[in-house]
Amino acid sequence: MLQQIIAIVIILFFVFRLFAQKKKGQISKNEFTLWLAFWLIAAAAIIFIKSIDRLVAWLGFSGSGINFLIYLAVLALFYLVFRLRLDLAKMDRNLTEIVRQITLKK
Amino acid sequence: MKIICVIPAWNEEKNIAKVIIGAKPFVDEIVVVDDGSRDNTAAAAETAGATVFRHPINRGQGAALQTGNDYAHSHGADIIVHFDADDQFLATEIKDMIAPIIEGRADIVFGSRFLGKKANLPAVKKYLIMPLAQIFTRVILGIKLSDPQNGFRSMSRLAAEKIKISNREMAHNSEIQIKAFQEKLRVAEVPITVIYHRVGRGWSDAKKIIRDLLIHKIIK
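Residues numbered from 1 in each chain as written. Chains lettered and ligands numbered in written order. Predicted model: local features only at pLDDT ≥ 70, side-chain atom pairs only at ≥ 80, totals over all residues.

A short note on the packing of helix 3 (residues 49-59) of chain A against helix 4 (residues 65-105) of chain A
All names here are of chain A.
Then, in step 1: For the pair helix 3 and helix 4, interaxial distance at closest approach is 8 Å and the crossing angle is 85°. It follows that helix 3 is roughly perpendicular to helix 4 by the angle criterion. For the pair helix 3 and helix 4, the contacting residues are Ile49, Ile52, Asp53 and Val56 in the first and Gly65, Ile66, Phe68 and Leu69 in the second.
Then, in step 2: Grouping the amino acids of the contact of helix 3 with helix 4 by side-chain chemistry returns 6 nonpolar, 1 polar and 1 charged. (Axes fitted to C-alpha atoms, helices over the stretch in contact; angles between N-to-C directions. Helix = DSSP H or I, 4+ residues; strand = E, 2+ residues; numbered from the N terminus. Parallel < 35°, antiparallel > 145°, perpendicular 65-115°, else oblique. Contact = placed C-beta atoms within 7 Å. Nonpolar A, V, L, I, M, F, W, Y, C, P; charged D, E, K, R; others polar.)

Things to note about the sheet that holds strand 2 (residues 29-34) of chain B
Residue and element names in this part refer to chain B.
Then, in step 1: Spatially, the 7 strands line up as an open sheet ordered 3-2-1-4-6-5-7, and their pairing is mixed. Pairing within the sheet leaves two strands with one partner each, and these edge strands are strand 3 (51-54) and strand 7 (187-191). Neighbour-to-neighbour, the strand axes of the sheet open up by a mean angle of 20°, direction not taken into account.
Then, in step 2: Inspection of the sheet shows strand 4 (residues 79-82) paired to strand 6 (residues 153-156) by 4 bridges, in the antiparallel sense. Directly across from His82, in strand 6, lies its bridge partner Arg153.
Then, in step 3: Helix-sheet contacts for helix 4 (residues 94-102) involve strand 1 (3-9), strand 4, strand 5 (108-112), strand 6 and strand 7, and the interaxial angle to strand 4 is about 145°. (Pairing = 2+ DSSP bridges.)

Points about the domain arrangement of chain A
By convention, interface size is frequently given as the accessible area that disappears when the constituent parts associate.
Then, in step 1: The domain architecture assigned to chain A consists of domain 1 (1-47) and domain 2 (64-106).
Then, in step 2: Spacing between the C-alpha centres of domain 1 of chain A and domain 2 of chain A amounts to 24 Å. (Domains from an automatic or database assignment.)

A look at the packing of helix 1 (residues 2-23) of chain A against helix 2 (residues 29-47) of chain A
Residues and elements named next belong to chain A.
Then, in step 1: Relative orientation of the contacting elements helix 1 and helix 2 amounts to 170°, with a least axis distance of 10 Å. By the angle between their axes, helix 1 is roughly antiparallel relative to helix 2. Note on element contacts: helix 2 touches helix 1 through Phe32, Trp35, Leu36, Trp39, Ala42, Ala43 and Ile46, opposite Gln4, Ala7, Ile8, Ile11, Phe14, Val15, Leu18 and Lys22.
Then, in step 2: In the contact of helix 1 with helix 2, the residues fall into 13 nonpolar, 1 polar and 1 charged.

Remarks on unusual backbone geometry
Residues and elements named next belong to chain B.
Then, in step 1: One non-glycine residue, Asn11, lies in positive phi territory at about 50°.
Then, in step 2: Asn11 gets classed as partly exposed once you count the C-beta atoms within 10 Å, which come to 18.
Then, in step 3: A positive phi angle is found at Lys184, which is not glycine, with a value near 55°.
Then, in step 4: Examined against the element boundaries, Lys184 turns out to sit in the loop between helix 7 (172-182) and strand 7. (Buried ≥ 20, exposed ≤ 12 C-beta atoms within 10 Å, placed from the backbone.)

So this is what it looks like as structure tokens:
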């Protein structure tokens, strides 16, 4: 129970920070919505951790709900790194094209 | 037929003039794309009589070749020859490389170190890296050419229109070969001589080439 409260407090801290960033115009509306959804889902997962435990057991996994959430988080991180790699490659390609245009214009 | 030779160069002030003077008699124009060199490559190339372009930052050999191709294509080239700046190819072989295009037998011609002519490859490269690269290009990429990594090539205007090099670094060699087959161009191979003055690419480059090919396949 105490662990859940600590986790919720941490999430609330990030949610308040998110609202502050939005107010200062540091993040776009889409980014704000994405991160707000992320933190709300994380908070829901912590509040309903017992239900996730039961769901995980029903799915046939031996670990607890929190382990399952960590596996999901690792998968999400891998995916985000992959997306970042692709975005960087696209930016790199665009940079080359700009360099080419500048070079041939001279 | 207008023949333009494209030479990508990076820190090649010592070799570039010799290479340009050697290639001049066999082509109508030489274009050197100085890929952000820190030395006087551009000035040396200009003095030797080449048309010189300079990338403000280093972007890699593939990027420099495409810059040269864009220029050559927009200036009416019928044949574009890719030639290295490090004096490892023989300029006299340019006429062998363009003959299949002039005779109407091919749209793109790749030089090969493995068709009988002299190529003093380092042993590790000759007996280990190249055979593995050949297996990779044949089995994984489906390219049936004898030399998977050769910078000496010539292409017709049609081939230059069909093939846009997107791999800015060394993977462009495989990319050009893949696209030549994908575009159903008529492909020819010509034996060439290679004189190595320094140790070429090794395992780290081989890994990088495979990685770049995969990434560019995904972001296509």
